[in-house]
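Overview (structure and organization)
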Amino acid sequence: MSHNETKPFDYIIHNANITTLSPQYSDDENPYGIIRNGAIGVNGNVIAYIGAFDEELKAQKTIDAQGQWLTPGLIDCHTHLVYGGNRANEFEMRLNGVAYEEIAKAGGGIISSVKATREASEDELFASAAKRLKSFLAEGVTTIEIKSGYGLDTENEIKMLKVAKRLEKEFPVRVSSTFLGAHALPPEYKDDADGYIDLVCEEMIPQVAALGLADCVDAFCENIGFTYQQTERVFQAAHKHGLKVKLHAEQLSDQSGAGLAADYKALSADHLEYLSQESIEKMAQSGTVAVLLPGAYYFLRETKLPPLDELRKAGVPIAVASDSNPGTSPAQSLLLMLNMACTLFRMTPLEALQGVTINAAKALGIEEQVGTIEIGKKAELALWDIEHPNQLSYQLGGNNLTKVLR
């Protein structure tokens, strides 16, 4: 908490109820790590002081929070934000009784998103993704993960990742980009999954890595996606090119994908409704974060709950994300996901908030920089007009954000 008295801070925010979510400040009596009526001093974009406000502290600019609540900026650690078209027509067809198989046969499902994404220019993809991104930024999101996966060929996967990088340049947000070539089989490989995985491993991953377009590599390990063996090949190629991995795992069935992900020291395994005890133990050992996606659970009317108690008992960090995508979670609100995580998965408001801050940061491998309010971390902060941070999970709709500092 010390500060060199001679040099003024760039700015101080004071008269704030600070929700640090940091183990330094939290205990059983104060699980959110709240500092009431506190102040934060910032130099550059780094937190340099946390404590009481006193007149001795000098700053070029002083912000009076007027008793409002300061939290870390929110982090959405799993989205498919960049895509062409939308699938509202399929949503309507399904509700009018058309079977998913029929929709898929008629060129619907993920392949309709692939077609629309391939046909869209980089500028068109940027414009549609920017609209969705603004919804998240308006709710205090300061970091967002964006996956490719609707191009399913080298050129279009790279196009999607370039859009993700451009969003980071043009908006006040940190973007973590993930290469998800192994998302589905493109039409041209419809009966040759191994041949497509060859393309992903031998051409796509090396090019994406060489261009510096992705932080991570992801895959969809599922009975309708890729097998355990195919997923392992993707992980091996990612490691060879110095990229970290994460996985869509155990969403519709137990393929032991989360255990495989943990074997490869994956940052996260995501969805996890059908997760086994064996995979939970492997995740606990490797520090792999469980990312829960209540939007997809809700939209697909899933009934099998992820094994929350077992994850808690094993000490696996649990994150929450929007899974914003055109087919199974067309969500554009991370705050709504907090409420859904509590109502559908019985998470507590504290767990839900940790799920979109510190644990979401862990799921992206950036917990040293963001996710809690601590000295030395980035000043990426959200100010809320609320009476307690539990209100962020309690409220269904509405938005109490008053300011983002970053």
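Every value quoted in this text rests on a predicted model; they were computed, and no experiment measured them.

Scoring rules and cut-offs
- Residues numbered from 1 in each chain as written.
- Predicted model: local features only at pLDDT ≥ 70, side-chain atom pairs only at ≥ 80, totals over all residues.
- Heavy atoms only, no water.
- Domains from an automatic or database assignment.
- Contact = heavy atoms within 4.5 Å.
- Buried area = accessible area lost by both parts, 1.4 Å probe.
- Salt bridge = Lys/Arg side-chain N within 4 Å of Asp/Glu carboxyl O.
- Polar contact = N/O pair within 3.5 Å; in protein donor to acceptor, adjacent residues only side chain to side chain.
- Helix = DSSP H or I, 4+ residues; strand = E, 2+ residues; numbered from the N terminus.
- Expected span 1.5 Å × (residues − 1).
- Buried < 20%, exposed > 50% of the residue type's maximum accessible area, 1.4 Å probe, protein only.
- 1 Å grid on protein atoms, 1.4 Å probe; cavity = no way out; pocket = protein on both sides within 12 Å on 5 of 7 lines; lining within 4 Å.
- Points joined across faces, edges and corners; volume = space filled by probe spheres on them.
- Nonpolar A, V, L, I, M, F, W, Y, C, P; charged D, E, K, R; others polar.
- UniProt positions renumbered as here; feature names shortened; annotations may be inferred.

Considerations on the domain arrangement of the protein
Taken domain by domain, the protein comprises domain 1 (9-72 + 372-405) and domain 2 (74-364). Contact with domain 1, which involves 22 residues of that partner, is made by 20 residues of domain 2. When domain 1 packs against domain 2, the two sides together hide about 1,600 Å² of surface, and 64% of this comes from carbon and sulfur. Three residues stand out in domain 1 for area buried against domain 2, namely Leu 21, Glu 380 and Ser 393, and they jointly supply 31% of the buried area on that side. Applying the counting criterion to the domain 1 and domain 2 interface returns one salt bridge. For Glu 380, the salt bridge identified is with Arg 174, shortest N-O distance 2.6 Å. Counting across the interface, domain 1 meets domain 2 through six residue pairs in polar contact (both at pLDDT 80 or more).

Quick notes on helix 4 (residues 122-137)
In a regular helix each residue adds 1.5 Å, so 16 residues correspond to 22 Å; helix 4 covers 21 Å between its end C-alpha atoms and thus fits that length. Buried within helix 4 we find Leu 125, Phe 126, Ala 129, Ala 130, Arg 132, Leu 133, Phe 136 and Leu 137. Where helix 4 is buried, its residues contact strand 6 (74-76), helix 3 (110-119), strand 7 (141-147), helix 5 (154-170), helix 12 (334-345) and strand 15 (401-405).

Some points on unusual backbone geometry
We note that Leu 21 has phi near 55°; this positive angle belongs to a residue other than glycine. If you trace the backbone, Leu 21 turns up in the loop between strand 1 (11-19) and strand 2 (34-43). Since its relative accessible area comes to 6%, Leu 21 is described here as buried. Located in the positive-phi region is Asn 37, a residue other than glycine, with phi close to 50°. For Asn 37, the position within the fold is in strand 2.

A few points about helix 7 (residues 228-240)
Helix length check: helix 7, at 13 residues, gives a terminal C-alpha distance of 18 Å against a target of 18 Å (1.5 Å per residue), a fit within 8%. On the buried face of helix 7, the contacting elements are strand 8 (174-182), helix 6 (193-211), strand 9 (216-221), strand 10 (244-249) and helix 8 (257-263). One or two residues past the end of helix 7 sits Gly 242, with phi positive at roughly 75°.

Let's talk about the layout of surface pockets
Space inside the largest pocket adds up to approximately 1,100 Å³. Lining of the largest pocket is provided by 35 residues; of these, Arg 87, Tyr 100, Ile 110, Ile 224 and Thr 328 occupy positions nearest its centre. Per-element accounting of the lining of the largest pocket gives the leading share, four residues, to helix 1 (residues 88-95). Of the residues assigned to the lining of the largest pocket, the class counts are 17 nonpolar, 12 polar and six charged.

Considerations on the UniProt feature "binding site: Zn(2+)" (unreviewed entry) in the protein
The UniProt record annotates "binding site: Zn(2+)" (unreviewed entry) at His 78, His 80, His 248 and Asp 323. Maximum C-alpha separation among the annotated residues is 12.2 Å over a sequence range of 246 residues, consistent with a single clustered spot. Lining the largest pocket, out of the annotated residues just given, are His 78, His 80, His 248 and Asp 323. Tracing the sequence through the fold places His 78 in the loop between strand 6 and helix 1. The class of His 78 is buried, set by a relative accessible area of 0%. When neighbours within four sequence positions are excluded, His 78 is seen to be in contact with Glu 145, Lys 147, His 248, Asp 270, His 271, Val 291, Leu 293, Ala 321, Ser 322, Asp 323 and Ser 324. Within the secondary structure layout, His 248 lies in strand 10. Here His 248 is in contact with His 78, His 80, Lys 147, Leu 180, Asp 218, Ala 219, Phe 220, Cys 221, Asp 270 and His 271, once residues within four sequence places are set aside.

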